[in-house]
Amino acid sequence: MTSIIKVLRLNDFVEQLKLSDPRTRLDPWLLGPVITLLAIGVVMVASSSMPYAEDHMKGNEFYFLIRHSIYLSIAIVAAALALQLDTRFWQENGPKLLVFGIVLLVVVLIVGREVNGSKRWIGVGPFTLQPAELMKFFLVIYLAGYLVRRSDELQTQIRGFIKPLVVIGLVVAFLLLQPDFGTSAVIVATALAMMFLAGARLWQFITLTGFVGIVMGLVAWQEPYRMKRLTSFLDPWADQFGSGYQLVQSLIAFGRGDWFGVGLGNSVQKLSYLPEAHTDFVFAVFAEEFGFVGVLLVITMFAIIFCKTLSIGRRALKMEQYFAAYMSYGIGFWLSLQALINIGVASGSLPTKGLTLPFISYGGNSLIVSCVAMAVLLRVDFEVRRKEHAFSRAKSGYHKKSQGGHDE
């Protein structure tokens, strides 16, 4: 009898050990698409950057591939570390991370490295730090904490709706000074989606959405180059060697891709025809080499990730883990919206914006932050499953106890 009890206790211990270690149970429906996109990213950075690197990096055609591999290694290590952190860590440090992010936005305006008229990067040795990428993540964390702390105020009083908008407005103001219109749009849209899901009144949401649309329109109208970007996508062929050049070359890449593509490495547009072929417009090269089937695969991967984030958030709400739920929603909307904009820009469906394609485009900051965000999401999923398991066991134990008492 004693040996049987020891075996049962050992089984319970092993089961608890598995549940307490986030590395033992990772959702394959979330991890699988991310790994697939990361693998596609490595292949496409290599394929799209080699001609450019050979011409501009002293003949080192593997220059961008080597740097991308280093960034990916750092991203995996950072994600592994983030996976060990309880969601309470992010909830407790959300305001501190927000302040840190705002400080970086100020610093980049003072000592930032200017590229193509934009100050978005801070030189850190051989690498660069892009505060805007960090700010997306930090703002999602802060806003998730605010929505938990001020949930009643948000749903019943207008000031609960206005307070976070002041913070968002400050962040957007610093971003527009860089200038970075694309990141500003992603942050505002993500914040609005999170507030709506947290219970903001519909009339407030509609009013604010209209107001934000007017403000963004005025901001775009003040800068001629932004207006050219907004209007050139409607008819890029009208100025195919000027404001519409990049989009025209991207559309040619899509057209050449047809159904199954021209084959890996056989893209013509990456041969100095399509600017930023390995960063903002890497998806156009991918479409040319893998065709409609490849495009559909990438879109499906992002759709699965988005659906999983909503599922995790909904389950977290049921387990009363509100911060984890709002953070999951925020991460899902942020990454999916950025992917949607990048794909829309490359295909000519949206105006040109300088946004990377998460997990695929060359860009160390975007890659690292996106992987950390996915690790946080995996951690949330693990904690939700652990609580669901504990709740199920408690319910089962209560049910058995009730049946036992009835039998007596």
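Please read these numbers as outputs of a predicted model, since none were measured by experiment. (Residues numbered from 1 in each chain as written. Predicted model: local features only at pLDDT ≥ 70, side-chain atom pairs only at ≥ 80, totals over all residues. Heavy atoms only, no water.)

J.: Describe the pairing of strand E2 (residues 118–124), and please don't skip the residues or the numbers.
T.: By the bridge criterion, three bridges tie strand E1 (residues 113–115) to E2 in an arrangement that is antiparallel. Note on E2: the bridge partner recorded for Glu114 is Lys119. The turn linking E1 back onto E2 is made up of two residues, and Asn116 within it adopts a positive phi angle of 55°. Of the strand pairs in this sheet, E2 and strand E3 (residues 127–129) are connected by three bridges, and their pairing is antiparallel. Each bridged residue has a counterpart across the sheet, and for Gly123 the counterpart in E3 is Thr128. (Pairing = 2+ DSSP bridges. Helix = DSSP H or I, 4+ residues; strand = E, 2+ residues; numbered from the N terminus.)

J.: Tell me about the pattern of salt bridges, residues and numbers included.
T.: The full count for this structure, using the stated rule, is 10 salt bridges. Glu288 is paired through a salt bridge with Arg256; the nearest N and O atoms lie 2.3 Å apart. On the criterion of sequence distance, the pair formed by Glu288 in helix H12 (residues 282–318) and Arg256 in helix H11 (residues 245–257) is long-range, its members being 32 residues apart. A relative accessible area of 0% places Glu288 in the buried class. By relative accessible area, Arg256 is classed as partly exposed at 35%. As a salt-bridge pair, Asp381 and Arg385 come within 3.1 Å of each other at their nearest N and O atoms. Taken together, the positions of Asp381 and Arg385, both in helix H14 (residues 364–407) and four residues apart, correspond to about one turn of that helix. Assessed through its relative accessible area of 1%, Asp381 is described here as buried. (Salt bridge = Lys/Arg side-chain N within 4 Å of Asp/Glu carboxyl O. Buried < 20%, exposed > 50% of the residue type's maximum accessible area, 1.4 Å probe, protein only.)

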